[in-house]
Amino acid sequence: MSNNCLDAKMLSKMFLTGAKNLEAKKEWINELNVFPVPDGDTGTNMTMTIMSAAKEVSSLGENASMEAICKAISSGSLRGARGNSGVILSQLLRGFTKVVKTHDEIDVKILAEAFDKAVETAYKAVMKPKEGTILTVAKGASEKAKELAVEGTEDIEYFCNEVIKYADEVLAKTPDMLPVLKQAGVVDSGGQGLMQVLKGALDGYLGKEIDLSITEEQVTPGARTKAEPKEEDIKFGYCTEFIVLLNKPLNVKQEIDFKGFLESIGDSIVLVADDEICKVHVHSNDPGLAIQRALMYGQLSNMKIDNMRMEHREKLFHENSDGSWAEIKTEINGAAEMTPTYSKDDEIPLGNKVNMDSKEEKAPAEPPKEIGFVTVCAGAGLADIFRGLGVDYVIEGGQTMNPSTADILDAVEKVNAKTVIVLPNNKNIILAANQAAIMSEDNADGKKIVVVPSKTVPQGITAIINYVPETPVEEVVAAMTESLGTVNTGEVTYAVRDTKIDDVEIRQGDYMGIGDAGILAVGGEIADVTFDMLDKMMSEELELISIYYGSDVDEKDADALRSRVSEKFPNCDVELQYGGQPIYYYIVSAE
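Along each chain, the written sequence defines residue order, and numbers are assigned to residues from 1. A pLDDT threshold of at least 70 governs which residues receive local features in this predicted model, and a stricter bar of 80 or more applies before side-chain atom pairs are shown or counted, although totals over entire chains, interfaces and linings include all residues. To get the side-chain values, all heavy atoms of the structure are used, and hydrogens and water are removed first.

The subject of this paragraph is the overall build of the chain. Each helix corresponds to a stretch of at least 4 residues labelled H or I by DSSP, and each strand to a stretch of at least 2 residues labelled E; elements are numbered beginning at the N terminus. Per the secondary structure count, the chain includes 22 helices and 16 strands. Note on classification: 1.4 Å probe, protein chains only; a residue is buried when its accessible area is under 20% of the maximum for its type, exposed when over 50%, partly exposed between these limits. Relative to its 591 residues, the chain shows a buried fraction of 52%. The criterion used for residue contact is that any of the two residues' heavy atoms lie within 4.5 Å. For the chain, the proportion of contacts with a sequence separation of at least 24, taken over those separated by at least 6, is 70%. Counting only carbon and sulfur atoms, one obtains 49% of the accessible surface of the chain, whose full area is about 28,500 Å². Accessible areas in this description were obtained via Shrake-Rupley with a 1.4 Å probe; residue shielding takes into account the shown protein chains only.

Written out as structure tokens, the structure is:
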């Protein structure tokens, strides 16, 4: 390969090094968020998005074609997209791969075309593009790429260095485009995330030593290395792996259906597909179910089934002097779940519990209802409130963890309805929900996703309260969407760094009351900040105040706040409910 072009192997390496560099800098990028809240998550969202694609790329091997790599980048990032920054990054990658996938080698001219397509695709994905963001940085990189191509630049290293240098200059100017960035003293966090991808990709091209292995911990937040499992921790006994030689490529709906089925019978799911094969890994108690389902899509190859309980007991037998011979023999006979400790000459009971030939009677499928609901929230109390209002499926997440497009699609699949209305309840989830709606348009079952763009939990609650059964979908969506404008929301959390926003000085550790339009109150006492925030939210026409207290608030303190609010606003109904949300001490609404 010359210095004037990239082949598939080098593109794969550059993508993986870009993803790794972003992953290494994610916490730093999180800290660039304008609001100094403890759930700053731009770096996390972008990292999880690109790592979803990186996992698929790394599974392809060194000899993958340009088309296969581009498909893995595009589909992986689309399914893994989280938050606005993650969705925009996925669209940049999608646009870029649309151009390069048809070429065996990529030169500067093709790179410039790919950069241009990336920006075009990303801008189309955002309803109201705002300058001073990741979009502006991407556009700057694209403009410089086009300029270099027109000038006749051929050297890839020079091209990359110049594009990165200019994009860095654009990033440095983002505070001049968005006053809120300037006041907070930071550049755009999404733009910085994109720069880390580009810089990491250049490191890969230059051959810098970087560990390119992609682990499950990097794809899944909060994953930790587990100790050797105890017997009672082995919920599913068989580790099943195989490859499906596909009759035809799986569409998005089929992949979601297959993954959903595997999740219904086990855990530790891995499903990676391209146009020709599908790699499957699942832990379950009945490998045959996974195999039977896979046969719907093609022939099977490289099959491997391990009995994890038996392996665990064999290990204990060899390690412990008092290991029971009968435990292993019983496992072979399929009765491990009910095995006490036996001596060598004991009878081994199989009992009625083990019946390999029995089949559960399946109830006939219920006909789908007209409208179902999926919502997003963090906190057991809030989830119970939504379920009590008729929501079919609650996705755990929101401020502290934005669900991905795939998470939303999976949730929709679990709702037996012709139309599923999604309530994101967070402005940073709306793009991912819209992307899920677009990806579902080709569903064979005709299920439709409609997004009601709720930006806060109280907006979502008001929207679902305004649902009128037996009403046409269009009217339902219109009424719910209109109701969003009747709710004022405030949230109380703490500051993780010193900053200045809206001319308000904020110190690390201060409590902040954040309203729909910005900071409303700052202070050293949670109750005082909440009260002051609510006072600024109120107006004469408002009649109902709802207070949802979080997991770190004592019920007595919350009740005292309610009494204080009731005294201040005697003409309003004041409701207090347990939300259980993390990080945010109180979520308050006035309507």
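For helix H6 (residues 108-125), spanning 18 residues, the distance from its first C-alpha to its last is 26 Å, which sits close to the expected 26 Å at 1.5 Å a residue. For H6, the set of buried residues is Val108, Ile110, Leu111, Ala112, Ala114, Phe115, Ala118, Val119, Thr121, Ala122 and Tyr123. Where H6 starts, the residue carrying a side-chain oxygen 3.2 Å from the main-chain nitrogen of Lys109 turns out to be Asp107. One less than the number of residues in a helix, times 1.5 Å, gives the span that helix is expected to have. Counting of polar contacts relies on pairs of N or O atoms within 3.5 Å, with two restrictions inside protein: one atom must be capable of donating a hydrogen and the other of accepting it, and residues adjacent in sequence are counted only when both atoms are side-chain atoms.

This part is about empty space enclosed by the protein. Only protein atoms enter the 1 Å grid, on which a cavity is a set of points fitting a 1.4 Å probe that cannot get out and a pocket is an open set with protein on both sides within 12 Å along at least 5 of 7 lines, lining residues being those with an atom within 4 Å of a point. Grid points are joined across faces, edges and corners, and a volume is the space filled by probe spheres set on the points. Considering all chains together, one arrives at 2 cavities of 30 Å³ or more under this definition. Phe96, Phe115, Val197, Leu198 and Ala201 are, among the 25 residues lining the largest cavity, the residues nearest its centre. Listing elements by their share of the lining of the largest cavity, those giving two or more residues are helix H1 (8-24), helix H5 (83-100), H6, helix H7 (134-150), helix H8 (156-177) and helix H10 (189-205). Three categories are distinguished: nonpolar for Ala, Val, Leu, Ile, Met, Phe, Trp, Tyr, Cys and Pro, charged for Asp, Glu, Lys and Arg, and polar for the others, with Gly belonging to the last. Per-class residue counts for the lining of the largest cavity are 24 nonpolar, 1 polar and no charged.

Glancing now at the side chain of Ser12. Examined against the element boundaries, Ser12 turns out to sit in helix H1. Here Ser12 falls in the buried class, since its relative accessible area comes to 11%. The residues touching Ser12, leaving out its near neighbours within four places in the chain, are Val57 and Ile69.

What follows concerns the sheet that holds strand E8 (residues 448-451). Only strands that DSSP links by at least two bridges are regarded as paired with each other. Strand order in the open sheet made by the 4 strands is E6-E5-E7-E8, with parallel pairing throughout. Across the chains shown, the open sheet's two edge strands, defined by having one partner strand only, are strand E6 (393-396) and E8. Taken over all neighbouring pairs, the strand axes of this sheet differ in orientation by 25° on average, direction set aside. Bridge count for strand E5 (residues 369-377) against strand E7 (residues 417-423) is 6 bridges, and the pairing is parallel. To get an axis, a line is fitted to the C-alpha atoms, and for a helix only the part in contact is used. The angle between two axes follows their N-to-C directions and goes from 0 to 180 degrees.

Burial of strand E3 (residues 277-284) is extensive: 6 of the 8 residues sit out of reach of the surface. Bridging between strand E1 (residues 238-246) and E3 involves 8 bridges; their strand directions are antiparallel. Considered in E3, the bridge of Phe242 is made with Val280.

As a further point, take the sheet that holds strand E9 (residues 488-494). Note on sheets: strands pair through backbone hydrogen bonds, and any given pair is parallel or antiparallel. Judged by pairing direction, the sheet is mixed, and its 6 strands sit side by side in the order E13-E12-E9-E16-E14-E15 without closing on themselves. The open sheet has two free edges, formed respectively by strand E13 (518-523) and strand E15 (573-578), since each of these has just one partner strand. For this sheet the average axis-to-axis angle between neighbouring strands, irrespective of direction, equals 20°. Pairing analysis gives 5 bridges linking strand E14 (residues 544-549) to strand E16 (residues 586-590), with the strands arranged antiparallel. What sits directly across from Tyr548, in E16, is Ile587. Across the face of the sheet, helix H16 (residues 380-388) comes into contact with E14, E15 and E16 while running at roughly 115° to E15. Sitting on the sheet, helix H21 (residues 526-537) touches E9, strand E12 (511-515), E13, E14 and E16, and the angle it makes with E9 is about 155°.

Our next topic: the pairing of E13. Bridge count for E12 against E13 is 5 bridges, and the pairing is antiparallel. When the bridges of E13 are listed, Gly515 appears paired with Gly518.

A word on the nonpolar core. Membership of the largest hydrophobic core comes to 92 residues, with the highest contact counts inside it found for Phe15, Ile50 and Ile408. Counting residues per element, this core draws most heavily on H6, which supplies 10 residues. If we skip the residues at most four places from it in the chain, Phe15 touches Ile50, Ala53, Ala54, Val57, Ile73 and Leu93. Side-chain atoms within 4.5 Å link the members of a nonpolar core, which is a set of buried Ala, Val, Leu, Ile, Met, Phe, Trp, Tyr and Cys residues.

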